[in-house]
Amino acid sequence: MSAAHYAAARALLADPLTNKGTAFSEAERDRYHLHGLLPPHVGTLESQIARRRRVMEAMGSDFQRYAFLRELQDSNEVLFHALVQSDLPRMLPLVYTPTVGEGCERFSEIWRRPRGLFLSWPNRDHMADILDDTAFDRVKVIVVSDGERILGLGDQGAGGMGIPIGKLALYTACAGIHPSEVLPILLDVGTDNEARREDPLYVGWRAPRVRGADYDAFVEQFVTLVAKRFPHALLQWEDFAGKNAYDLLGRYRHRLLSFNDDIQGTAATTVGTLLAAIRRSGAALADQRVVLFGAGAAGSGVAEMLVQALMAEGLSQSEARARLWAVDREGLILTEMAQRPEGLPPQQVALARAREGGMADKMDLLATVRHVRPTVLIGASGQKGAFDEAVVRAMAEQVERPVIFPLSNPISRAEAHPADLLAWSEGRAIVGTGSPFGVAGVTQVNNVYIFPGVGLGALACGAREVSDGMFMAAARCLGQLGGDGEGLLPPIESLRDVALAIAIAVADQAQSEGLAMARPEHYTPEAIAARMWQPNYR
Ligand code: NAI
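Here's what I pulled together on the structure shown here. Keep in mind that this is a model prediction, so the values were computed, not measured.

Rules used in this analysis
- Residues numbered from 1 in each chain as written.
- Predicted model: local features only at pLDDT ≥ 70, side-chain atom pairs only at ≥ 80, totals over all residues.
- Heavy atoms only, no water.
- Helix = DSSP H or I, 4+ residues; strand = E, 2+ residues; numbered from the N terminus.
- Rg over C-alpha atoms; globule rule 2.2 N^0.38 Å.
- Buried < 20%, exposed > 50% of the residue type's maximum accessible area, 1.4 Å probe, protein only.
- Contact = heavy atoms within 4.5 Å.
- Areas by Shrake-Rupley, 256 points an atom, 1.4 Å probe, with all protein chains shown as cover.
- Lys, Arg positive; Asp, Glu negative; His and termini not counted.
- Charge placed at Lys NZ, Arg CZ, Asp CG, Glu CD.
- Salt bridge = Lys/Arg side-chain N within 4 Å of Asp/Glu carboxyl O.
- Pairing = 2+ DSSP bridges.
- Axes fitted to C-alpha atoms, helices over the stretch in contact; angles between N-to-C directions.
- Near = heavy atom within 4 Å.
- Polar contact = N/O pair within 3.5 Å; in protein donor to acceptor, adjacent residues only side chain to side chain.
- Nonpolar A, V, L, I, M, F, W, Y, C, P; charged D, E, K, R; others polar.
- 1 Å grid on protein atoms, 1.4 Å probe; cavity = no way out; pocket = protein on both sides within 12 Å on 5 of 7 lines; lining within 4 Å.
- Points joined across faces, edges and corners; volume = space filled by probe spheres on them.
- Phe/Tyr/Trp six-rings, centres within 6.5 Å; stacked < 30°, edge-to-face > 60°.
- Core = buried A, V, L, I, M, F, W, Y, C linked by side-chain atoms within 4.5 Å.
- Expected span 1.5 Å × (residues − 1).
- Arc of directions from axis to C-beta.

### What about the overall build of the protein chain?
Part 1 of the reasoning: A count of helical and extended segments in the protein chain gives 24 helices and 12 strands.
Part 2 of the reasoning: For 538 residues, the compact-globule formula gives about 24 Å, and the C-alpha radius of gyration of the protein chain, at 24 Å, lands near that figure.
Part 3 of the reasoning: If you line up the protein chain on its principal axes, its C-alpha atoms span 90 × 50 × 50 Å.
Part 4 of the reasoning: Scored against the burial criterion, the 538 residues of the protein chain give a buried share of 56%.
Part 5 of the reasoning: Within the protein chain, contacts between residues at least 6 apart in sequence are counted, and of these 72% link residues at least 24 apart.
Part 6 of the reasoning: Surface summary for the protein chain: the accessible area is close to 22,200 Å², and the carbon and sulfur share equals 52%.
Part 7 of the reasoning: Side chains of the protein chain give 54 positive and 64 negative charges; the mean places of these two sets differ by 3 Å.

### Section: the pattern of salt bridges
Part 1 of the reasoning: All chains considered together, the criterion is met by 35 salt bridges.
Part 2 of the reasoning: Between glutamate 28 and lysine 20 there is a salt bridge whose closest N-O contact spans 2.5 Å.
Part 3 of the reasoning: The shortest N-O distance in the salt bridge between aspartate 261 and lysine 167 comes to 2.6 Å. You can see aspartate 261 sitting in helix H14 (residues 261-281) and its partner lysine 167 sitting in helix H10 (residues 162-175), a full 94 residues away along the chain. Each of the two residues, aspartate 261 as well as lysine 167, counts as buried.
Part 4 of the reasoning: Linked through salt bridges whose partners overlap, the residues forming this network are Arg53, Glu57, Asp62, Arg65, Asp87 and Arg90.

### Overview of unusual backbone geometry
Part 1 of the reasoning: Cis peptide bonds are those with omega within 30 degrees of zero, and the linkage from threonine 97 to proline 98 qualifies with 5°.
Part 2 of the reasoning: With respect to the helices, strands and loops of the structure, proline 98 is situated in the loop between helix H6 (88-95) and helix H7 (99-105).
Part 3 of the reasoning: One non-glycine residue with positive phi stands out, namely histidine 33, at about 60°.
Part 4 of the reasoning: Following the sequence through the fold, histidine 33 ends up in the loop between helix H2 (26-32) and helix H3 (45-57).
Part 5 of the reasoning: Look at histidine 33 and you get partly exposed, because its relative accessible area is 25%.
Part 6 of the reasoning: You will see that arginine 373, though not glycine, has its phi angle at about 50°, which is positive.
Part 7 of the reasoning: Looking at the secondary structure, you find arginine 373 in the loop between helix H18 (365-372) and strand S9 (376-379).

### Describing the sheet that holds strand S5 (residues 258-260)
Part 1 of the reasoning: Spatially, the five strands line up as an open sheet ordered S1-S3-S2-S4-S5, and their pairing is parallel. Across the chains shown, the open sheet's two edge strands, defined by having one partner strand only, are strand S1 (117-120) and S5. Averaged over all pairs of adjacent strands, the angle between strand axes in this sheet comes to 20°, irrespective of strand direction.
Part 2 of the reasoning: One ladder, built from three bridges, connects strand S4 (residues 234-237) with S5; its direction is parallel. In the sheet register, glutamine 236 faces S5, and the bridge partner there is phenylalanine 259.
Part 3 of the reasoning: Against the sheet, helix H13 (residues 242-252) contacts S4 and S5, and its axis sits at roughly 160° relative to S5.

### Thoughts on the site of the ligand
Part 1 of the reasoning: Around the ligand sit 21 residues in total, of which Ala297, Ala298, Asp328, Arg329 and Asn447 are the nearest.
Part 2 of the reasoning: Contact between the ligand and aspartate 328: an oxygen atom at 2.5 Å from a side-chain N or O atom of the residue.
Part 3 of the reasoning: Glutamine 383 places a polar side-chain atom, nitrogen or oxygen, 3.1 Å from a nitrogen atom of the ligand.
Part 4 of the reasoning: Contact with the protein chains covers 78% of the free accessible surface of the ligand, which is 860 Å².
Part 5 of the reasoning: A class-by-class count of the residues in the shell around the ligand yields seven nonpolar, 11 polar and three charged.

### Remarks on the layout of surface pockets
Part 1 of the reasoning: Each pocket or cavity is described by its volume, and for the second largest pocket that value is around 690 Å³.
Part 2 of the reasoning: If you trace the second largest pocket, you find 34 residues lining it, with Lys140, His232, Leu459, Ala460 and Gly462 closest to the centre.
Part 3 of the reasoning: For the lining of the second largest pocket, the secondary structure elements donating two or more residues are helix H12 (212-229), helix H21 (451-460) and helix H24 (525-531).
Part 4 of the reasoning: Take the lining of the second largest pocket: its biggest share by element is four residues, from H21.
Part 5 of the reasoning: Within the lining of the second largest pocket, the residues separate by chemical class into 19 nonpolar, six polar and nine charged.

### With respect to the sheet that holds S9
Part 1 of the reasoning: Judged by pairing direction, the sheet is mixed, and its seven strands sit side by side in the order S8-S7-S6-S9-S10-S11-S12 without closing on themselves. The sheet terminates laterally at strand S8 (331-332) and strand S12 (443-444), the two strands that pair on one side only.
Part 2 of the reasoning: Two strands pair when backbone bridges link them, and strand S7 (residues 324-328) and S8 are joined in this way by two bridges, in the antiparallel orientation. The residue bridging valine 327 from the neighbouring strand is leucine 332, located in S8.
Part 3 of the reasoning: Here helix H15 (residues 297-312) sits on the sheet in contact with strand S6 (290-293), S7 and S9, set at roughly 160° to S6.

### Observations regarding the packing of aromatic side chains
Part 1 of the reasoning: Per the counting criterion, the structure on display carries eight aromatic pairs.
Part 2 of the reasoning: Here phenylalanine 63 and tyrosine 66 contribute two aromatic rings whose centre-to-centre distance is 6.4 Å and whose plane-to-plane angle is 20°, an arrangement assigned as stacked. Placement of both phenylalanine 63 and tyrosine 66 in helix H4 (residues 62-75) is noted, with a separation of three residues, approximately one turn of the helix. No difference in accessibility class separates phenylalanine 63 from tyrosine 66, as the two residues are buried.
Part 3 of the reasoning: One aromatic cluster is present, formed by Trp237, Phe240 and Tyr252 through successive ring pairs.

### Some details on empty space enclosed by the protein
Part 1 of the reasoning: Applying the stated criterion across every chain, the model contains two cavities of 30 Å³ or more.
Part 2 of the reasoning: In this structure, the largest cavity spans a volume of roughly 60 Å³.
Part 3 of the reasoning: Lining of the largest cavity is provided by Tyr66, Leu69, Arg70, Gln73, Phe80, Leu94, Val95, Ile165, Gly166 and Ala169.
Part 4 of the reasoning: For the lining of the largest cavity, the elements supplying multiple residues, two or more each, are H4, H6 and H10.
Part 5 of the reasoning: Volume-wise, the second largest cavity comes out at about 50 Å³.

### Brief notes about the nonpolar core
Part 1 of the reasoning: Counting 139 residues, the largest nonpolar core has Tyr171 and Phe387 as the members making the most contacts within it.
Part 2 of the reasoning: Here this core takes nine residues from helix H23 (residues 495-512), the largest share from any one element.
Part 3 of the reasoning: In contact with tyrosine 171, other than residues within four places in its own chain, are Val141, Val143, Gly176, Ile177, Leu234, Gln236, Phe259, Phe451, Pro452 and Gly455.

### Quick notes on H12
Part 1 of the reasoning: End to end, H12 covers 26 Å across 18 residues, agreeing with the expected 26 Å (1.5 Å per residue, within 8%).
Part 2 of the reasoning: Of all the residues in H12, the buried ones are Tyr215, Phe218, Val219, Phe222, Val223, Leu225, Val226 and Arg229. Take H12 and look down its axis: the buried residues cluster within an arc of 165°, on one side only. Exposed residues pointing more than 90 degrees away from the buried face of H12 are listed as Ala213 and Lys228.
Part 3 of the reasoning: Summarising the contacts, the buried residues of H12 are in contact with S1, helix H9 (127-132), strand S2 (141-145), strand S3 (182-188), S4 and H13.

This is the structure in structure tokens:
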């Protein structure tokens, strides 16, 4: 055997896209000279899944399971994805939230092999060369973060790479995007997390964050290169800090096929779940009175999408806004607050309401609930326990089926425990939470219900951009899919069907807005379903 044969055999086993481990057949072992490198047992994908599952379950913590799965992904992608898909309810929380949080905090500790790209400030002059690698020729979906606002955990610097990796695993699991077509990217512009910078294990660039004009130029360079190198790819902005998240979305959403999941995905997931809840409560959307607690990135995104949904029901913009009351740190957001020296944050200006007769001087949440008598209460404040007994009882006294969504993550930040909401409302509340609580009948409002379908639909129809209308179509579709009996949304097991249904709705909407560039036969339901990849060995 020649040296080239030996090298080719090793390369086949080392590449996670070609490696089959013990599942290489005898004929393949002959042809590729794998005898000896592999133990003699010839396995099947099913036996490999069972073996890995047993090893994984014997581990002592979810973080260990997360690290184990990351390593499996880096050695055999088919097996990794087959294992994930074999039991989505069990595997999703290990591959993504909540475990991925610790995965980002301890990213440097478990870094083994390259996956995706680190585009760092010190290497900015090499960015074009780095992206030119032919290994990325097939890339269709990019998830990019700068690691500054990782879940509720703040700045994780290069460790934020755990998020693009995890989200793209879900693109493959739910939307059937082939593993060779996804590219996680971390823009490493430093970190203001001193503990990370001083950690001897930290793998990122050890410097305070680059900000201002330099940061903007760096991202501009990145976007320009991506647009040239991957003109038809979809890019998802993920876990950027508040102002950057809005600025980048606004600057680039018409230049790149792109969206921000924290803003747009959250809004569509929440509105979709809300539509399902309202259907269950039996009242019309236009008759709802919605109090929003916490009007930051997530809360204001939800508010704006709700306004659009209400306007689609025939309300004028001012009538739609009159259905919404937003409460933030200083209480109910009132137009008079704009007169203060510090003014109102930009995303809150349109949410401010005029003071009405009967309002207390300081309209805290309880006073607002008493005044407004809301049918819907949504929390996106990160304030644990803010939906207390007094607030919930005041709401439940006025409405038969109060809809209450404490969305803040993680569990330690949730506005209420769902079991308390059910107890204080004598079981009448319809509850959705951001985090999984494992309480029967409570729906988890998780973005995984929306983004894979939006991405799949946008790619399938060759969309020029991802419009607000496409997100609204996704939300409506989700709201109509129906729950699994008690919950408001379909069960996690059916996420592939959910993604397909949403993709069809999104592609149809893109077509009706004149944004679909592909020929219609490319995005029929059958054509989209046929292109969804299944993890099987070739
Ligand atoms: P953010 O920091 O932009 O917004 C938080 C808002 O809450 C700010 O406007 C802040 O002023 C306000 N706030 C803080 N303390 C308050 C208080 N005592 N009373 C009233 N308002 C107060 O954060 P972002 O990105 O909007 O996230 C908020 C929460 O929503 C987080 O816990 C996040 O995990 C959760 N979230 C949940 C999602 C889901 O369930 N699918 C998706 C995205 C976010």
